[in-house]
Amino acid sequence: MRPFSVLTLALVALPALAAPPALALPDAPRIAFVGNTLVERDFHHGYLETLLINAFPDKAVTFRNLGWSGDTVRCEARSGFGQAADGYKHLARHVADLKPNVVILNYGLNESFAGPGGLDAFKTEFAQLLDLFNKNAAGTQMIVLSIFAQEDLGRPLPDPAKQNENVRLYNAAMKQAAESAGHTFIDLYDLAAAFGKANLGKRFTDNSIHPTPAGHKFFGEQVVRQLGLTVPEKWDDRLEQIRKLTVEKNTLFFHRWRPQNETYIFGFRKREQGRNAVEIPQFDPLIAEKEAAIAKLRKN
């Protein structure tokens, strides 16, 4: 019997789904990634962004990553020394400044640990977060990414079965909210299991929650597929150059929108180092330089 190849396994790893309509972008696409740790860490890898660049060679797409590790739909991690309401204002300000016309959103993992008892509050708060984008980026296409099932790494580590029941509940709530508002929902619940099948049992995550570098690549590929777009059969030198430039650009933007010592530069201690605020916009030409280099590769 002829053995299955890794490629064959990758093709059968995820459940068969009806072919989705391909994502259509506006003429001047401005895509913002918003979410928690998954989103913030993804800018260090750049696979999803690179695959989207490759899928739209004729469009000069601008990407900005507004992920914040540990964040929730209440924007608590963004609040600094303030309250959750300050976190909302922080996110709203950046969304209003960037004016994205496409937002790729991922939340719910941290909230899901509250279990069934926290579900009603989550539904309300998730709806409020969607309203934030309606108010600050009207007409924006919203793409909501589901939570992954927590990967079972075996004993003596905890069995994630009970927590994954919570994940299903919170994914269902986000799916209902997203689709009732006319947004796109991407189901990634089975991603860890699919990765294991496609990669002969290798681990998708470092710690049952956060993907490895190879996991981030697989994550990007599956998102792009579920958006009805083509994933290249081979990761060639051009794609790798785009990815590296993308990571460099993302790092520059991170320092632009989340500078070190932000409290001293813009916050309640700005009397000490506020004079350095003039340096923050100096990241803009550096970011533009990276994007120009990406554009040259995109057109080849």
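You'll find the structure just up there.
Rules used in this analysis
- Residues numbered from 1 in each chain as written.
- Predicted model: local features only at pLDDT ≥ 70, side-chain atom pairs only at ≥ 80, totals over all residues.
- Heavy atoms only, no water.
- Helix = DSSP H or I, 4+ residues; strand = E, 2+ residues; numbered from the N terminus.
- Rg over C-alpha atoms; globule rule 2.2 N^0.38 Å.
- Buried < 20%, exposed > 50% of the residue type's maximum accessible area, 1.4 Å probe, protein only.
- Areas by Shrake-Rupley, 256 points an atom, 1.4 Å probe, with all protein chains shown as cover.
- Lys, Arg positive; Asp, Glu negative; His and termini not counted.
- Charge placed at Lys NZ, Arg CZ, Asp CG, Glu CD.
- 1 Å grid on protein atoms, 1.4 Å probe; cavity = no way out; pocket = protein on both sides within 12 Å on 5 of 7 lines; lining within 4 Å.
- Points joined across faces, edges and corners; volume = space filled by probe spheres on them.
- Nonpolar A, V, L, I, M, F, W, Y, C, P; charged D, E, K, R; others polar.
- Contact = heavy atoms within 4.5 Å.
- Axes fitted to C-alpha atoms, helices over the stretch in contact; angles between N-to-C directions.
- Left-handed = near helix turned anticlockwise from the far one by under 90°.
- Pairing = 2+ DSSP bridges.

J.: Break down the overall build of the protein for me, citing the residues and quoting the values.
T.: The secondary structure content of the protein amounts to 13 helices and five strands. Over its C-alpha atoms the protein spans a radius of gyration of 20 Å, differing by no more than 12% from the 19 Å that the globule rule assigns to 300 residues. In terms of its C-alpha atoms, the protein occupies a principal-axis envelope of roughly 70 × 50 × 40 Å. Buried positions account for 48% of the 300 residues belonging to the protein. Summed over all atoms, the accessible surface of the protein reaches about 15,300 Å², with 54% contributed by carbon and sulfur. Of the side chains in the protein, 36 bear a positive and 33 a negative charge, and the two mean positions are spaced by 3 Å.

J.: Tell me about empty space enclosed by the protein, and name the residues and values.
T.: The final tally for this structure, using the stated rule, is three cavities of 30 Å³ or more. Empty space within the largest cavity amounts to approximately 170 Å³. Residue lining of the largest cavity: 20 residues in total, with Leu-38, Leu-109, Ile-147, Phe-148 and Ile-209 positioned closest to the centre. The set of elements that each furnish at least two residues to the lining of the largest cavity consists of helix H2 (37-42) and helix H7 (161-180). Looking at the lining of the largest cavity residue by residue, the class counts come to 10 nonpolar, nine polar and one charged. What lines the second largest cavity is a set of 13 residues, and nearest its centre among them are Phe-33, Val-39, Asp-42, Leu-48 and Asn-65.

J.: Explain helix H8 (residues 191-198) to me, using residue names and the numbers behind them.
T.: With six of eight residues buried, H8 lies mostly within the body of the structure. Taken together, the buried positions of H8 are Leu-191, Ala-192, Ala-194, Phe-195, Gly-196 and Ala-198.

J.: Kindly report on the environment of Ala-137, identifying the contributing residues and their values.
T.: Checked against the element boundaries, Ala-137 lands in the loop between helix H6 (119-136) and strand S4 (141-145). With a relative accessible area of 7%, Ala-137 lands in the buried category. For the pair Ala-137 and Cys-75, spaced 62 residues apart in the sequence, the C-alpha separation amounts to 17 Å. Beyond its immediate chain neighbours, meaning those up to four positions away, Ala-137 contacts Val-95 and Pro-100.

J.: Can you explain the packing of helix H3 (residues 47-55) against helix H9 (residues 213-226)? Please cite residues and give values.
T.: Between H3 and H9, the shortest axis-to-axis distance is 8 Å and the interhelical angle comes to 35°. In this structure, H3 meets H9 at a crossing whose hand is right-handed. The residues of H9 that touch H3, namely those facing Tyr-47, Leu-48, Leu-51 and Leu-52, are Pro-213, His-216, Lys-217, Phe-219, Gly-220, Glu-221, Val-223 and Val-224. Class assignment of the residues belonging to the contact of H3 with H9 gives a composition of eight nonpolar, two polar and two charged.

J.: For the sheet that holds S4, give the residues involved together with the corresponding values.
T.: Strand order across the open sheet formed by five strands is S2-S1-S3-S4-S5, with parallel pairing between neighbours. Taken across any chain shown, the strands that pair with only one partner, and hence form the sheet edges, are strand S2 (62-65) and strand S5 (184-186). When strand polarity is set aside, the average angle formed by the axes of neighbouring strands in this sheet is 20°. Two strands pair when backbone bridges link them, and strand S3 (residues 102-106) and S4 are joined in this way by four bridges, in the parallel orientation. Each bridged residue has a counterpart across the sheet, and for Leu-105 the counterpart in S4 is Val-144.

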